[in-house]
Amino acid sequence: MRVTDVPLRVLAVDDEEPALAELLYLLGEDPRVGTVVPALAAGEALRRLSGAGADASGGSDGSGGEHGGEGFDVVFLDIDMPGLSGLELARLLGAFPAPPLIVFVTAYEDFAVRAFDLKAADYLLKPLRKERFAEAVRRVAELVRAGQGPRPAAPAAPGPAVPALDDQVPVELGGVTRFVPLADITYVEAQGDYARLHTGRGSHLVRIPLSTLEEQWRSRGFVRIHRSRLVALGRIEELRVDGGNLTVRIGDRVLAVSRRNARELRDLLAGRAAGRVR
């Protein structure tokens, strides 16, 4: 049987029984989901994932020894739990040889930046909406099909590739999470504790400080040109000097470059040009 034909194997984790029951109900309603194993604490989830609790968890629900550290495709995971938190569990799972995907399920928006730093596949806010939940399951199924979960990739088939999570930026709008390709972002502006991502088709506001994006995206070709602005180096079309003031043009936008950042920008552009000549 191909990967695409195998239902998802899910571990659902929440310390509140009503919330866990709702999670199990929504998972059970989705035809893409097969085995669902519940856990009322992150510690219990870790034992199931590592196989430590296999001897004590056998049963018809499929939660027995077959579910070692690589037995689950995805963990739907609450964050704010006593003892080991969901974020701490996700960090531990990141050290597994083939970790499951993580979908965080929480009542709090404040953890979103840390969640996606941990390469979460999605971030759902309580109260859960059926349509939004189904979108998260669809995304997980596509990632598993593309070989980005613990299973091997399915044989290549016609159709668009699923971009790696590192190449996408999650944007929340009206309870819906959209994933904006990083390659589409031309520049970023700081707006308080938020950042506005500009693309050729519009802009998106995310609750991530500009300093965090600068650190994470430097290796992806983004450079700070001003205390309130990052630009994608490859999107700069013109560099202008007028009366000692430096600006760059990206599409129809002309953006000021601060004196503090001018030297680094010039060096980076010169290095890029030299690389093309070679």
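Keep in mind that what you see is a predicted model, and the values were worked out from it rather than measured.

About the criteria used
- Residues numbered from 1 in each chain as written.
- Predicted model: local features only at pLDDT ≥ 70, side-chain atom pairs only at ≥ 80, totals over all residues.
- Heavy atoms only, no water.
- Pairing = 2+ DSSP bridges.
- Helix = DSSP H or I, 4+ residues; strand = E, 2+ residues; numbered from the N terminus.
- Axes fitted to C-alpha atoms, helices over the stretch in contact; angles between N-to-C directions.
- Contact = heavy atoms within 4.5 Å.
- Salt bridge = Lys/Arg side-chain N within 4 Å of Asp/Glu carboxyl O.
- Buried < 20%, exposed > 50% of the residue type's maximum accessible area, 1.4 Å probe, protein only.
- Right-handed = clockwise from strand over helix to strand, strands pointing away.
- Phe/Tyr/Trp six-rings, centres within 6.5 Å; stacked < 30°, edge-to-face > 60°.
- Lys NZ or Arg CZ within 6 Å of the ring centre and 35° of its normal.
- Polar contact = N/O pair within 3.5 Å; in protein donor to acceptor, adjacent residues only side chain to side chain.

Draft legend 1. Quick look at the sheet that holds strand β1 (residues 8-13). Strand order in the open sheet made by the five strands is β2-β1-β3-β4-β5, with parallel pairing throughout. Because the sheet does not close on itself, it has two edges, and the strands there are β2 (33-39) and β5 (122-125). Going from strand to strand, the sheet's axes swing by 20 degrees on average, the running direction of each strand aside. Two strands pair when backbone bridges link them, and strand β3 (residues 74-77) and strand β4 (residues 101-106) are joined in this way by four bridges, in the parallel orientation. Within β4, the residue paired with V74 across the bridge is L101. Contacting β1, β2, β3, β4 and β5, helix α5 (residues 130-145) runs over the sheet at an angle of about 165 degrees to β5.

Draft legend 2. Expanded view of the pattern of salt bridges. Tallying each qualifying case throughout the model produces 18 salt bridges. Among the salt bridges present, the one from R32 reaches D30, with a minimum N-O distance of 2.8 Å. R32 gets classed as partly exposed once you look at its relative accessible area, which sits at 30%. With relative accessibility at 8%, the residue D30 sits in the buried group. Close ionic contact of E135 with R138 constitutes a salt bridge, the shortest N to O distance being 2.5 Å.

Draft legend 3. Layout of the pairing of β1. For β1, the tally of buried residues reaches five of six residues, placing the bulk of the element in the interior. Examined bridge by bridge, β1 and β2 share five bridges and lie parallel to one another. Bridging from a neighbouring strand, L8 pairs with V33 of β2. Handedness of the crossover joining β1 and β2 through helix α1 (residues 17-29): right-handed.

Draft legend 4. View of the environment of L49. For L49, the location among the structural elements is in helix α2 (residues 42-50). Accessibility expressed as a relative area gives 0% for L49, which makes it buried. Separated by 51 residues in the primary sequence, L49 and P100 have C-alpha atoms spaced 8.9 Å apart.

Draft legend 5. Representation of unusual backbone geometry within the structure. With an omega dihedral of -5 degrees, the bond running from K126 to P127 counts as a cis peptide bond. Phi at K119 takes a positive value of approximately 65 degrees, unusual for a residue other than glycine. Mapped onto the elements of the fold, K119 is located in the loop between α4 (112-117) and β5.

Draft legend 6. Region of interest: the sheet that holds strand β15 (residues 253-257). Taken in spatial order, the three strands of this open sheet run β13-β14-β15, and their pairing is antiparallel. Looking at which strands have only one partner, the edges of the open sheet turn out to be β13 (238-242) and β15. When the angles between neighbouring strand axes are averaged without regard to direction, this sheet yields 30 degrees. Judged from the five bridges that link them, strand β14 (residues 245-250) and β15 form a sheet pairing that is antiparallel. If you follow L246 over to β15, its bridge partner there is V257.

Draft legend 7. The arrangement of the packing of aromatic side chains in detail. Tallied over the full model, the rule gives two aromatic pairs. Judged by centre distance (5.0 Å) and plane angle (45 degrees), the rings of W217 and F222 are tilted. Judged by relative accessible area, which is 8%, W217 ranks as buried. Above the face of the F179 ring, R139 is positioned so that its terminal group lies 4.1 Å from the ring centre.

Draft legend 8. Inspection of the side chain of R224 at higher detail. Relative to the elements of secondary structure, R224 occurs in strand β11 (residues 222-226). The exposure class of R224 is buried, given its relative accessible area of 14%. Only 3.0 Å separates the side chain of R224 from the side chain of E214, close enough to count as a polar contact. Those residues in contact with R224 that sit more than four places away from it in its chain are L210, S211, E214, R229, L230 and N261.

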